[in-house]
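The lines below spell out each chain.
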Amino acid sequence: MKKTSTRLADGRELIYYDLRDDTVRDAADRRPLEPTVTTSEIRRDELLGDAVAVASHRQGRTYHPPADECPLCPTQGERLTEIPDSSYDVAVFENRFPSLAGDSGRCEVVCFTSDHDASFADLTEEQARLVLEAWTDRTAELSHLPSVEQVFCFENRGAEIGVTLGHPHGQVYAYPFTAPRTALMLRSLAAHKQATGGDNLFDAVLRRELDGERVVLESEHWVAFVPYAAHWPYEVHLYPRRRVPDLLALDEPARAEFPRVYLELLRRFDRIFDGGTGANGADGTAGSEGGSPTPYIAAWHQAPFGALAEFDGVVREDYALHLELFTIRRTSGKLKFLAGSESGMNVFINDVPPERAAERLREVASS
């Protein structure tokens with residue numbers, strides 16, 4: 001991998017990650033951009049104890065542009081984009097409309113490929129490995145910023161999720177605090193450790209799932225399963241067999257195997273509702289999507305880099321890096337909406353039994 005860092009016309013950082021070591025990146029951003037002005041502010045909810053980012057400047061962000069005006073495609077002639085070069089393997093840049101900025105953290109866009117019509121599932125294993133290296137590098141770099149406590153790499157895919165740019169891309173959020181969901185896991189981790197005299201909760205969960213019926217796929221270094229209390233209709237958690245706190249700690253065998261495992265998971269997600277496979281959907285009826293891409297969120301959960309003193313006896317190495325992949329589609333042509341119980345009280349109601357979801361995801365395995 002070759003890494004090249006440069007600046008866009010308004011001063012934002014742009015980093016190219018290339019497969020070839022002899023690649024030269026020297027194209028300049030020719031757009032007449034003014035320096036980016038952000039109004040990001042973190043406010044804390046006194047009752048819930050969590051944080052809300054207020055970012056009014058995001059109201060003006062680019063929204064569903066036509067393909068020939070995509071800002072994530074490489075620059076071609078006088079069609080100037082966020083990527084000044086005419087091609088790229090993986091490109092990462094500071095978001096022009098960030099939710100977090102300055103003392104409130106940082107937001108970056110990760111472009112997985114220059115091919116506008118592709119998706120992550122279309123990447124080769126070599127390309128997927130390059131994305132993994134970019135995620136790892138960004139985690140390392142952002143963790144050194146004084147305002148950053150946790151790094152979150154993720155992908156939103158599909159208009160149903162709320163994606164406003166169709167080009168295959170993800171994001172990295174560098175939070176100035178420990179995210180509420182992570183804090184909940186750390187509290188559970190601390191309570192389990194104290195109650196069992198030192199057992200690790202993540203290890204216990206993985207042991208239980210390996211003995212059950214919700215495993216979706218296994219490899220030498222990775223395990224994917226539908227969790228016992230899945231919140232979403234189709235939700236898969238992907239764990240390295242060797243517990244590590246973050247992407248930086250993954251060893252080479254796990255890194256080398258990740259692309260094959262993850263690409264297989266993504267391709268299975270695209271087949272869940274596809275009636276063309278001859279299999280039925282989770283509700284017992286044939287799928288009617290005709291192979292339309294499944295909307296999903298893919299989220300890497302990493303240990304925070306800040307102090308963990310508030311979580312009794314927990315250290316960073318107790319946390320288990322894992323990826324959570326889920327879709328908001330519950331059956332063909334129908335979405336799972338977060339209505340009263342979910343949005344009002346944070347109590348999820350799942351229409352698809354996790355055991356059936358795991359069975360379906362095994363049914364659509366690549367031959």
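For the structure, check the block above.
Residues numbered from 1 in each chain as written. Predicted model: local features only at pLDDT ≥ 70, side-chain atom pairs only at ≥ 80, totals over all residues. Heavy atoms only, no water.

Caption draft 1: Just the packing of aromatic side chains, in detail. In the structure shown here, the tally under the stated rule is 20 aromatic pairs. Taking 6.5 Å as the distance between ring centres and 50° as the angle between the ring planes, the aromatic pair formed by Phe202 and Tyr239 counts as tilted. One end of the pair, Phe202, is in helix α3 (residues 201-210); the other, Tyr239, is in strand β11 (residues 234-240), with 37 residues separating them in the sequence. For Phe202, a relative accessible area of 10% translates into the label buried. Residue classification places Tyr239 among the buried positions, given a relative accessible area of 6%. By way of ring pairs, the aromatic residues Phe112, Phe120, Trp135, Trp222, Phe258, Tyr262 and Trp300 are connected into one cluster. Stacked on the ring of Tyr16, the Lys or Arg Arg25 has its end atom at 4.8 Å from the ring centre. (Phe/Tyr/Trp six-rings, centres within 6.5 Å; stacked < 30°, edge-to-face > 60°. Helix = DSSP H or I, 4+ residues; strand = E, 2+ residues; numbered from the N terminus. Buried < 20%, exposed > 50% of the residue type's maximum accessible area, 1.4 Å probe, protein only. Lys NZ or Arg CZ within 6 Å of the ring centre and 35° of its normal.)

Caption draft 2: Up close: the pairing of β11. Along β11, 7 of the 7 residues are buried, which leaves the element largely enclosed by surrounding structure. In the sheet, strand β10 (residues 222-225) pairs with β11 via 4 bridges, with the strands oriented antiparallel. When the sheet's bridge partners are listed, Trp222 is paired in β11 with Pro240. Where β11 lies against strand β13 (residues 322-327), 5 bridges are found, and the strand directions are antiparallel. (Pairing = 2+ DSSP bridges.)

Caption draft 3: Up close: the nonpolar core. Core analysis: the largest hydrophobic core is formed by 53 residues, its most contacted members being Phe120, Trp135, Leu238, Tyr262 and Trp300. Ranked by the residues each element gives to this core, the list is headed by helix α4 (residues 252-269), at 8 residues. Contacts of Phe120, omitting those with residues within four sequence positions, involve Phe112, Ala128, Val131, Trp135, Glu155, Tyr262, Leu263, Leu266 and Tyr296. Residues Met185, Ala190, Ala303 and Val314 belong to the second largest nonpolar core, which totals 16 residues. (Core = buried A, V, L, I, M, F, W, Y, C linked by side-chain atoms within 4.5 Å. Contact = heavy atoms within 4.5 Å.)

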